[in-house]
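# Coordinate analysis (summary)
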Amino acid sequence: MTAHSKVNKSTANSAAGDRPGPTIEFVQVSVELGGNLILEGVDFEVVPGEVVGLVGPNGVGKTTLLRLASSMLAAKSGEVVLGGRPVGSMTRRELAQQVAMVPQDFHVSFPFRVGELVMMGRAPHQPLVGLESDRDVALALAALERLGIAHLADRGVDTLSGGERQLVLFARALVQGPDLLLLDEPTAFLDLKHRVDVLQEIRAFARSGRAALVVSHDLSLAARSCDRIVLLQPGAEAGRVAAVGQPSEILTAENLRRAFGIETLTFSGPDGALVVVPSLSEFDRR
Amino acid sequence: MIRLSLSRMIFVLGTLSFGLVLICLIALATGPSNIGFGAVVDVANSFLRGSADTAAGDASFDIVLRVRLPRLILGLLVGAALATAGVIFQALLRNPLADPYVLGVSGGAALAGIVVLALGGLLGISTSFVPIAAFGGGLLATALLYWVSGGPGRSGPTGLLLTGVVFNAFASAGIVFLASIAGFFDGSRIFLWLIGHLSAVEIDAAGLVAVSVAIGFGVACLLSRSLNLIALGDETAAQLGIPVDAHRRWLLLSTSLMVGAAVAVSGLIGFVGLIVPHALRLVIGSDHRLLIPAAALSGAGFLVLSDTLARTILDGRELPVGAVTALIGGPLFIFLLRRAQSKGPLS
């Protein structure tokens, strides 16, 4: 592939160029779905250069928050502001040029090839009619190579495993060249090596002046890869932000007991990073 | 990495166009009358030499020009319309089993067309409004389909298909009922509407069908990149910058226009929109920028070939082309349904 030779290793991560990205602010946001208040008064921001982890028990509104940021939902009150503009006031194309979403998984009814699916990430930058440019192809190939799945480029996406599909979705988001990555449990189906690969990519993405908001249930990996953690409140106060801060401040045994209702052990590993595991007493108790 | 390049598009569409020309020649040279390629070449020569007028009156010339050619033109237009409509419905509904006939959209168009045919005289509406009524009927059936199924991805393949079965049963009953009470119950004519056929008699409407197909095809080509993304899901398409609702509205309008026009001149020809896209995806992949024009060319060729078979398979008698497409499409449909069910609900 001639186009491939024109791209260097860092191209996939710099599809948006090297300009610093905008800040995204959630300003006193409340969301109601089907008559239920899912999020209430959520207020925090993600600034360029940082990876923010969104944690909390199931059903607390984490995915809803990501859908709100990508303007798939409208807030009942408050607003989400990206670079000074409410996301609801932006066209789909404008927003897609700045924000890329990585869902947990996807199903396809048609046998698109992996390469085709990843190149679709260039859609916000392409005209309505036309073919992909050499640059588009080079970006797609580079993203696939960075994630170690270039050999899958011509495979049908319907033949992939859950973990491979997740890597493909991540590659598509990188190719989209956004300023902000929204990731919904991006490592849920991945083996340990690929978890580290993806989290490293997310960190490199943020270090290049852009930002990432990551939903995760793996608290130890979140502690290692996120600059700040947003803990969403469960129970009667569900949908509110319980605490925002550095992982070591937020992922305490007390906060986690309140959030998840179980005892946890939190300690520093040999490398100094925070480790969070359920207490053995939780297994005995059940 | 395989990519859609201009040279690949030219190769695929060029090959299909060449095949279509061959099919057209076979269709013109085949029929109950013993008029072969020689007569077709003579007719073409007459036109090229400008001596068509002097050749008029010659039996071979008349059969090729006034019987086979009009039917060929209708076959090309109807086949292109139905196959393109099938591709669009499949992408919009994210269901590879979708087809204007199976979904009942053709049935809605046919019912509306029959309303004008049967009651037009009483209400003072000209039969030239049949295609417009069929367009409205197709559009209404599409809207009902969306409403009943709860939109794409919300009901599995069986839910959509059941809706189509009910639409078709209702439309068939309505067609027979209306034709009966209007007093022009001509059993064979109604039968032909319900099974789908091509007839040189309908050539007067070819201009209108051509315009409808051109509009529908044009919109589909313009929005073919959007179709790629919508086929992945509305939310994914929106997150990749596509104004999904607006594009879907345009695609549904243009598809209903094509289906309405096709049904108005040929009745309920089924499964073209199922067979052609399915076969093409196996060979050229799922990219709608190539799939849409390829489906139009292949659908045209497939229907003309089916009609040629229908005209000649029974010595001296003629089958409606809808019977041939149903004989091919029925088993394929059951195979695809089984496969879809074994994979679980499509979403």
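The preceding data block contains the structure.
What this report covers is the structure whose coordinates are included nearby.

The rules behind the values
- Residues numbered from 1 in each chain as written.
- Chains lettered and ligands numbered in written order.
- Predicted model: local features only at pLDDT ≥ 70, side-chain atom pairs only at ≥ 80, totals over all residues.
- Heavy atoms only, no water.
- Helix = DSSP H or I, 4+ residues; strand = E, 2+ residues; numbered from the N terminus.
- Buried < 20%, exposed > 50% of the residue type's maximum accessible area, 1.4 Å probe, protein only.
- Areas by Shrake-Rupley, 256 points an atom, 1.4 Å probe, with all protein chains shown as cover.
- Expected span 1.5 Å × (residues − 1).
- Contact = heavy atoms within 4.5 Å.
- Polar contact = N/O pair within 3.5 Å; in protein donor to acceptor, adjacent residues only side chain to side chain.
- Buried area = accessible area lost by both parts, 1.4 Å probe.
- Salt bridge = Lys/Arg side-chain N within 4 Å of Asp/Glu carboxyl O.
- Pairing = 2+ DSSP bridges.
- Axes fitted to C-alpha atoms, helices over the stretch in contact; angles between N-to-C directions.

## Regarding the overall build of chain B
Each helix and strand counted, chain B has 15 helices and 0 strands in total. For chain B, the proportion of its 347 residues judged to be buried stands at 57%. Looking at chain B as shown, the accessible area adds up to about 14,100 Å², and 70% of this sits on carbon and sulfur atoms.

## A word on helix H5 (residues 134-146) of chain A
Residues and elements named next belong to chain A. Between the first and last C-alpha of H5 there are 18 Å, a value that for 13 residues agrees with the 18 Å anticipated at 1.5 Å per step. Those residues of H5 that sit buried are Asp136, Val137, Ala138, Leu139, Ala140, Leu141, Ala142, Ala143 and Leu144. Just downstream of H5 lies glycine 148, where phi reads positive at about 70°.

## Re the environment of glutamate 50 of chain A
Residues and elements named next belong to chain A. As for its position among the elements, glutamate 50 is in the loop between strand S2 (36-46) and strand S3 (51-55). With a relative accessible area of 8%, glutamate 50 lands in the buried category. Those residues in contact with glutamate 50 that lie beyond four places of it in its chain are Glu45, Ala206, Arg210, Ala211, Ala212, Asp227 and Arg228. Within polar-contact distance, the side chain of glutamate 50 engages the backbone nitrogen of valine 47 at 2.9 Å.

## A word on the interface of chain B and chain A
Taken together, the contact pairs 37 residues of chain B with 42 residues of chain A. Interface area for chain B against chain A, summed over the two sides, is near 3,300 Å², with a carbon-plus-sulfur share of 60%. Together, Met1, Arg3 and Arg225 of chain B form the three largest contributors to the area buried by chain B at its contact with chain A, with a combined 26%. Across the chain B-chain A interface, the total number found is 4 salt bridges.

## Observations concerning the sheet that holds strand S1 (residues 24-33) of chain A
Residues and elements named next belong to chain A. Taken in spatial order, the 4 strands of this open sheet run S2-S1-S4-S5, and their pairing is antiparallel. Each end of this open sheet is capped by a strand with a single partner; those strands are S2 and strand S5 (85-86). Both S1 and S2 contribute to a ladder of 7 bridges, which runs antiparallel. When the bridges of S2 are listed, leucine 33 appears paired with asparagine 36. Lying over the sheet, helix H2 (residues 62-69) contacts S1, S2 and strand S4 (77-82), oriented at roughly 115° with respect to S1.

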